[in-house]
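Structural characterization, general
Residues per chain are reported as follows:
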There are 2 protein chains.
Amino acid sequence: MAEAAARKRSRGGGGAARRAERTSTAVETAKFIQRNIPNFEVLNDEALEIIEHNAETVLEEIGVNFVNNPAALARWKAAGAEVQGERVRIPRGLARQLCGTAPSQFTQHARNPERSVEIGGRSLVLAPVYGPPFVRDIDGGRRYATIDDFRTFVKLGQMSKWLHHSGGTVCEPTDVAVNKRHLDMLLAHMTLSDKPFMGSVTEPSRARDSVEMSEILFGKQFVSDNAVMTSLININSPLTFDDVMMGAMEVYAEAGQASIISPFIVGGAMAPVSVAGTLTQVLAEVLAGVAYSQLVRAGAPVIFGAFVTSIDMNSGAPTFGTPEAAHITYGAGQLARRLGLPYRSAGSFCGSKLPDAQAAYETANSLNMGLLAGVNFMLHACGWLEGGLVASFEKFVMDADQLGALHGLAKGIAVDETAQAMDAIREVGPGGHYLGCAHTQANFKSAFWRSEVLDYKPFETWSEEGARDTVALARARMDRMLATYEEPVMDPAVREALLAYVAQKKASMPDAFS
Amino acid sequence: MAEAAARKRSRGGGGAARRAERTSTAVETAKFIQRNIPNFEVLNDEALEIIEHNAETVLEEIGVNFVNNPAALARWKAAGAEVQGERVRIPRGLARQLCGTAPSQFTQHARNPERSVEIGGRSLVLAPVYGPPFVRDIDGGRRYATIDDFRTFVKLGQMSKWLHHSGGTVCEPTDVAVNKRHLDMLLAHMTLSDKPFMGSVTEPSRARDSVEMSEILFGKQFVSDNAVMTSLININSPLTFDDVMMGAMEVYAEAGQASIISPFIVGGAMAPVSVAGTLTQVLAEVLAGVAYSQLVRAGAPVIFGAFVTSIDMNSGAPTFGTPEAAHITYGAGQLARRLGLPYRSAGSFCGSKLPDAQAAYETANSLNMGLLAGVNFMLHACGWLEGGLVASFEKFVMDADQLGALHGLAKGIAVDETAQAMDAIREVGPGGHYLGCAHTQANFKSAFWRSEVLDYKPFETWSEEGARDTVALARARMDRMLATYEEPVMDPAVREALLAYVAQKKASMPDAFS
């Protein structure tokens, strides 16, 4: 399938793709995860049926609002929903039935075909943090993000072996006008990385720009035939679909591009304070959003999203890595699979202000849960700090390293003859050791996952080397990654066309800063 | 059952127990975890059968060594094993059959009956770090542990809500003679805590001292009738049972006290470099060890232990929180359940020298895996640092706080009418918020787990308060815990008898420092 796509793309005009293919061995990237372990399921069938029944009740009795969007209301009416003002009440079963045309799995193509990803089924695709207005690093502390920071993150993403996806708004380039920054961000993803990326969603016109730039990169026909972007469409929970996000989603669905339809929920604020209640609302919202995407274009690729966290009821602050967030993530995964949709959730979530132990506990809790919950697309898989307000350079590198552990876990346990190691046990016998035995010599290189950031040295060596903590170790690794970074090869004509497009678009409008 | 035990104990002479009962509300301790979530199982039946078959082959063809232990060899011979020198070859099926008399679940009694724990079935009992010769804190750095440090840890354990067990050698009190320190450690557990504890295993005579001190604390008849200690018996992997550990185990089994029979494995060194090979050896070792405990006394309570980690093949250092360690922990849990034995594994494992992000990633990976693997007794659940060489005060507090998240996860998802929250969804409707609604007001206090260490405040508040990292936050909490610590009430006569026993024992022998 990837091969066919590559051929197709070549015909479609992608000299860039051909070039990338020839040089793609320069930077090692792991294949997206194909799980060989089961999903962890916390809800039994009875509980799932209660939640599914209640979600239909929510859609039928309470309904959802499509704000400032007469076209959406018309579509819903035509499909058989009851429309009153902006409220859409969806008869029991209709939304689920409409979701049936969405694919259960799809390929998102990268300009380097080796880096295309399968989203759905048993796969897990890892993408970096999305959205922070601030960045933090060990030298400069916390500050507003710039387009230079953005480019650095894209380079780090390109160099991160366990990261499959370049992401979208890795940080907000606040030094570029609001109405123009999507152009610079897309240009960075397209030129500095050859991994798949996300499109802009902050206005329908910016979504159209994203499609047009993709057409330059991949060729018009290829974009028409294939998903080359997966973009993040947040629902205004509870039960509200605003015109900006829906407008962007409409553009992407019409162009056959993928959207993550994702409730954005801090439990206790935008959803009930209980897990089952939150799952009910999440399911109702996703059912309505995905159904609507299929009304726009049946067969448009979409992902069942769930960004859900809990709240600290003392301060109102969102909290991360908590057991309730885990319950929701596990439960929503089950609901997504019963609906036959790819599933997006989890990430390197934390509330900590620093990339310290708090950040790592919270992040590890969330990453592990994401793998076991059957997540297919994990946005925010590295670099998230301070409740998503900050993209941390060092944490990006630390988290991206931990993603390697997820790859190892997902492999499952081999029980072939080599793995059984009976010869080794016979050779060594009681009281011996395995360090030098034949089986160890033959297998040690691939036997254990090895961090490229963490320190395993003896105390004395570690002390002599400066007694560095994880942040300092990550910074050293980050510097090495950036020093060895090379821009992936691109057809000069494509690059020129992209630059010209961005220049022309920027010249066509005044700067807007809100 | 707990009530009956309390009555029995009162008859048995425990004035201390009666007193403790009356005052036991002073410090809040969570009940041991009773899981309401499934176990995560990575091995299918075919893989399990291969490993079980291979383990029997190891016992039959290779056998195990019982070193310096003629009595053990005689017992094995009488049971039908083939004994040559110190090598014991166990016919296929015999070890498993002997394991059949070990209970699948047992109660370990605490002097405060409210703190007695059930070990086995769906339970998870959490106990602190065991064995480090060093301690570390933010003020003093890394230094040799003393008996004062030990007492401070026991106090912190007593004050830790989510810790069910006072543990054993929380750190090595290196300022006390090797042959006497067990007396001071036991005295600290017995007087400064009213949670259950572990006995000494470093010599059979010290195990006997542990039983005698327990008889003073609980009454002789009570100790004869009930498990009041769960002690750690390590196997010298591969396949070797030394006389010191076996000698201690024999004392405990004869006294009806519980032992954890635990291979101590750094994969690639003391076991094959593959997961399936390691599981095979672990199972063979536990089968032989548990079978032997039942030869000593049929029905003696034992736990299937697995201390297993991976190795960094570049440096030879043990590594923690790795995917291979997780695979082994999940797999060994399945093997233990098929054998019908309680299971010990996982812990706050990390290789980091500091309680930093590395420590927290590694620890969170291991704690989460321990919960989902069905572990019944988790030693080292808090405070472990630097591959077990160091007990960290701040990490003890940080980890013990994270254990609260495990309690939350284990609860599973309620789907009763209150949890369904349909009234709340109706009340709030599209575009509203849940902060003030009736359902939130009624349920928010118990809805979400809340850390008592981590910082959830806004950046500005956190900055004004000193921009503290997790270690500083933990230190502040530790100081509060120690400031509010109160010794649990104890019958003065019992205390006097314990002190007299320790004094008399110490006077009876010269100091030994190795």
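Everything here concerns the structure above.
Read on for a plain summary of the structure. (Residues numbered from 1 in each chain as written. Chains lettered and ligands numbered in written order. Predicted model: local features only at pLDDT ≥ 70, side-chain atom pairs only at ≥ 80, totals over all residues. Heavy atoms only, no water.)

Secondary structure assignment for chain A yields 20 helices and 19 strands. Relative to the 2.2 N^0.38 estimate, which gives 24 Å for 514 residues, the radius of gyration of chain A is 23 Å and therefore close to what a compact globule would have. Overall, the C-alpha framework of chain A stretches about 80 × 60 × 50 Å when taken along its three principal axes. Here chain A, with 514 residues, has 66% of them falling under the buried criterion. Look at the contacts in chain A between residues 6 or more apart in sequence, and 77% of them connect residues 24 or more apart. When the 48 positive and 57 negative side-chain charges of chain A are each reduced to one mean point, those points stand 5 Å apart. (Helix = DSSP H or I, 4+ residues; strand = E, 2+ residues; numbered from the N terminus. Rg over C-alpha atoms; globule rule 2.2 N^0.38 Å. Buried < 20%, exposed > 50% of the residue type's maximum accessible area, 1.4 Å probe, protein only. Contact = heavy atoms within 4.5 Å. Lys, Arg positive; Asp, Glu negative; His and termini not counted. Charge placed at Lys NZ, Arg CZ, Asp CG, Glu CD.)

So, on to helix 14 (residues 393-410) of chain B. All names here are of chain B. With 18 residues, helix 14 should reach 26 Å at 1.5 Å per residue; the first-to-last C-alpha distance of 26 Å fits that figure. In terms of residue burial, helix 14 counts as a mostly covered element, since 18 of its 18 residues are buried. The positive-phi residue at the C-terminal boundary of helix 14 is Gly 412, with phi of around 75 degrees. (Expected span 1.5 Å × (residues − 1).)

Here helix 14 (residues 393-410) of chain A crosses helix 13 (residues 357-372) of chain B at 30 degrees, and the two axes come no closer than 12 Å. Here helix 14 of chain A lies roughly parallel to helix 13 of chain B, going by the angle between them. Crossing handedness for the pair helix 14 of chain A and helix 13 of chain B: right-handed. Contact residues: Lys 395, Met 398, Asp 399 and Gln 402 of chain A in helix 14 of chain A; Ala 357, Tyr 361 and Asn 365 of chain B in helix 13 of chain B. (Axes fitted to C-alpha atoms, helices over the stretch in contact; angles between N-to-C directions. Parallel < 35°, antiparallel > 145°, perpendicular 65-115°, else oblique. Left-handed = near helix turned anticlockwise from the far one by under 90°.)

With that settled, consider the environment of Gly 388 of chain B. All names here are of chain B. By secondary structure assignment, the location of Gly 388 is in the loop between strand 18 (384-385) and strand 19 (390-392). Judged by its relative accessible area of 14%, Gly 388 is buried. The spatial distance from the C-alpha of Gly 388 to the C-alpha of Ser 348 is 9.5 Å, given a sequence separation of 40 residues.

Before going further, it helps to spend a moment on the relation of the copies chain B and chain A. Aligned on chain A, chain B shows an RMSD of 0.0 Å; the corresponding rotation is 180 degrees and the shift along the axis is 0.0 Å. Here the copies are linked by what is in effect a two-fold axis. No C-alpha of chain B lies nearer the rotation axis than that of Ala 357 of chain B, which sits 2.1 Å from it. Most of the interface of chain B is mirrored in chain A, where 100% of its interface residues are also at the interface. (Least-squares fit on C-alpha atoms with pLDDT ≥ 70 in both.)

The subject of this paragraph is the packing of aromatic side chains. One pass over the full model with this rule turns up 37 aromatic pairs over all chains. Both rings, one in Phe 349 of chain B and one in Trp 384 of chain B, keep their centres 4.8 Å apart while their planes meet at 70 degrees; by these two values the pair is edge-to-face. Pair noted here: Phe 349 of chain B is in the loop between strand 16 (343-344) and helix 13 and Trp 384 of chain B is in strand 18, with a separation of 35 residues, a long-range link. Neither Phe 349 of chain B nor Trp 384 of chain B differs from the other in exposure class; each is buried. Three or more aromatic residues link up through ring pairs in this structure, and these residues are Phe 264, Phe 307, Phe 320, Phe 349 and Trp 384 of chain A. A cation over an aromatic ring shows up here: Arg 142 of chain B above the ring of Phe 459 of chain A, its NZ or CZ 3.7 Å from the ring centre. Of note, Arg 142 of chain B hangs over the ring of Phe 134 of chain B, and the distance from its end group to the ring centre comes to 4.1 Å. (Phe/Tyr/Trp six-rings, centres within 6.5 Å; stacked < 30°, edge-to-face > 60°. Lys NZ or Arg CZ within 6 Å of the ring centre and 35° of its normal.)

Residue and element names in this part refer to chain A. Residue position: Met 213 is located in helix 8 (residues 204-218). Each C-alpha atom of the pair Met 213 and Leu 186 lies 7.9 Å from the other, and the pair is 27 residues apart in sequence. Excluding residues that lie within four positions of it along the chain, Met 213 makes contacts with Leu 183, Leu 186, Leu 187, Met 190, Leu 498, Tyr 501 and Val 502.

The partner chain A presents 112 residues to the 111 residues of chain B that form the contact. Counting the surface lost from both chain B and chain A, the interface buries some 9200 Å², and carbon and sulfur atoms represent 69% of this. Three residues stand out in chain B for area buried against chain A, namely Tyr 361, Ile 413 and Phe 448 of chain B, and they jointly supply 9% of the buried area on that side. Put simply, chain B and chain A have six salt bridges between them. Considering each element in turn, the side of chain B that touches chain A owes the most residues, ten residues, to helix 13 of chain B. Within the side of chain B that touches chain A, the residues separate by chemical class into 57 nonpolar, 36 polar and 18 charged. (Buried area = accessible area lost by both parts, 1.4 Å probe. Salt bridge = Lys/Arg side-chain N within 4 Å of Asp/Glu carboxyl O. Nonpolar A, V, L, I, M, F, W, Y, C, P; charged D, E, K, R; others polar.)

Each strand in a sheet pairs with its neighbour through backbone hydrogen bonds, running either in the same direction (parallel) or in the opposite one (antiparallel). Overall, mixed pairing links the four strands, which are arranged 3-4-2-11 (chain B) in an open sheet. Of all strands in the sheet, those bounded by a partner on one side alone are strand 3 (82-84) and strand 11 (240-241) of chain B. (Pairing = 2+ DSSP bridges.)

Here we take up the environment of Asn 69 of chain A. Residues and elements named next belong to chain A. With respect to the secondary-structure elements, Asn 69 resides in the loop between strand 2 (64-66) and helix 4 (70-79). According to the relative accessible area criterion, Asn 69 is buried, its value standing at 8%. When the C-alpha atoms of Asn 69 and Phe 241 are compared, they prove to be 9.1 Å apart, with 172 residues separating the residues in sequence. Setting aside residues no more than four positions away along its own chain, Asn 69 makes contact with Met 246, Glu 250 and Tyr 292.

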